[in-house]
Amino acid sequence: MTIFVSKIMNAPIPHASAAGLERSCVPAAGDWIRQAPPSPGLERIDAGFTGHAYDPHRHDTYAIGYTLNGVQCFRYRGADAVSTAGNVLVIHPDEVHDGHAGTEAGFRYRMLYVEPLLVQEALGERRRSLPFVRTPVFTDPHLVSCLIAALDDFDRPLDELLADQVVAALSEGLARREGGAPKPSRMPEAALRRARDYLEDNAARTVGSEELEKISGLERYQLARQFRLFFGTSPYRYLVMRRLARARALIAGGTDLATAAFDAGFADQSHLTRHFKQAFGITPGRWARLLV
């Protein structure tokens, strides 16, 4: 999978820390692109341009992302499109498009490139064709939240279960935008409970998608979709919350933050801090200081 980059853009790619839609730290001025560690079938970029960005080109993937700031303009399917902060962008595979800034201030965006095969697998037999979203720019809070899940932690590879969650949710969102969302199938409760119990028992380590497929007997995207419907959260999020519960218990018992993070299954203390704050609204350090 390749991303077209204009020959005009030759500035070095800065290594700024990642930022979500709501906390967008801005790298050095000028045109730049950062690439996140790749995942099978997925590619992630964070980019900023002050003028011309891309000549006309086309991908063999879906390009799904959002504008962080500025005015992002491009030509797509014979019409001009304009996106501003918070808007979702969807470009279908093999559709020619270009890109440029709409004002002198430039623009910044994040994009997820998804191989069509993953979308086909996620939607399964309920659809026979890829969803086509005719409007390339729109507002959709649900899709933005899905994209932030994939694009917020930019310096680490995507966890397998998180990648499954993102692909399943985005595929459903694309089908919904097209107007042909698949009908839900009957819930395999016993299989979902097996998956949940396995996550509970193995929360302190990385759990792979193939493991859950074997335990549950469900295909990974079916599991990601139906687990959320049945338990109210995704397998990945369920696993993270079990780790956070373990970390809180350790911290409450006097364990230092770095050790608690490692023992609970997080990569390091900063990894724990990011998830802790997302879940509880404060850092684990402050939570520890508030305990009485």
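Definitions and limits used
Residues numbered from 1 in each chain as written. Predicted model: local features only at pLDDT ≥ 70, side-chain atom pairs only at ≥ 80, totals over all residues. Heavy atoms only, no water. Pairing = 2+ DSSP bridges. Helix = DSSP H or I, 4+ residues; strand = E, 2+ residues; numbered from the N terminus. Contact = heavy atoms within 4.5 Å. Axes fitted to C-alpha atoms, helices over the stretch in contact; angles between N-to-C directions. Salt bridge = Lys/Arg side-chain N within 4 Å of Asp/Glu carboxyl O. Buried < 20%, exposed > 50% of the residue type's maximum accessible area, 1.4 Å probe, protein only.

Enquirer: Whenever I open this one, the sheet that holds strand β4 (residues 62-70) confuses me. Can you help?
Expert: Strand pairing in a sheet relies on backbone hydrogen bonds, with the paired strands running either antiparallel or parallel. Sheet architecture is open: six strands sit in the order β1-β2-β9-β4-β7-β10, paired in antiparallel fashion. Only two strands of the sheet have a single neighbouring strand rather than two, namely β1 (32-35) and β10 (137-138). Two elements, β4 and strand β9 (residues 107-114), share eight bridges in a ladder whose sense is antiparallel. Note that in β9 the partner of A63 across the bridge is Y113. Where helix α1 (residues 116-123) meets the sheet, its contacts fall on β2 (42-49), β4 and β9, and the angle it forms with β9 comes to roughly 65°.

Enquirer: Any chance you could explain the pattern of salt bridges here in plain terms?
Expert: When their charged atoms lie close together, side chains carrying opposite charge are able to pair. As enumerated under the stated definition, the model contains 18 salt bridges in all. Residue D46 is joined to R34 by a salt bridge in which the shortest nitrogen-to-oxygen separation is 2.8 Å. One end of the pair, D46, is in strand β2; the other, R34, is in strand β1, and 12 residues separate them in sequence. Judged by relative accessible area, which is 0%, D46 ranks as buried. Measuring nitrogen to oxygen at the nearest pair gives 3.5 Å for the salt bridge that ties R177 to D140. Placement of R177 in helix α3 (residues 160-178) and of D140 in the loop between β10 and α2 (141-151) is noted, with a sequence separation of 37 residues between them. Residues joined by salt bridges that share partners form a network here, namely R34, D46, R108, R110 and D155.

Enquirer: Hey, could you run me through the side chain of N87 in this one?
Expert: Tracing the backbone through its elements, the reader meets N87 in the loop between β6 (79-83) and β7 (88-91). What makes N87 buried here is its relative accessible area of 13%.

Enquirer: What exactly am I supposed to notice about the sheet that holds strand β5 (residues 72-76) here?
Expert: The antiparallel open sheet is built from four strands, whose spatial order is β3-β8-β5-β6. Edge positions in the sheet fall to β3 (52-57) and β6, since each of these pairs with one other strand and no more. Adjacent strand axes in the sheet meet at a mean angle of 20°, parallel and antiparallel pairs treated alike. Relative to strand β8 (residues 97-101), β3 is paired through three bridges, and the arrangement is antiparallel. Across the sheet, the residue bridging to H52 is H100, located in β8.

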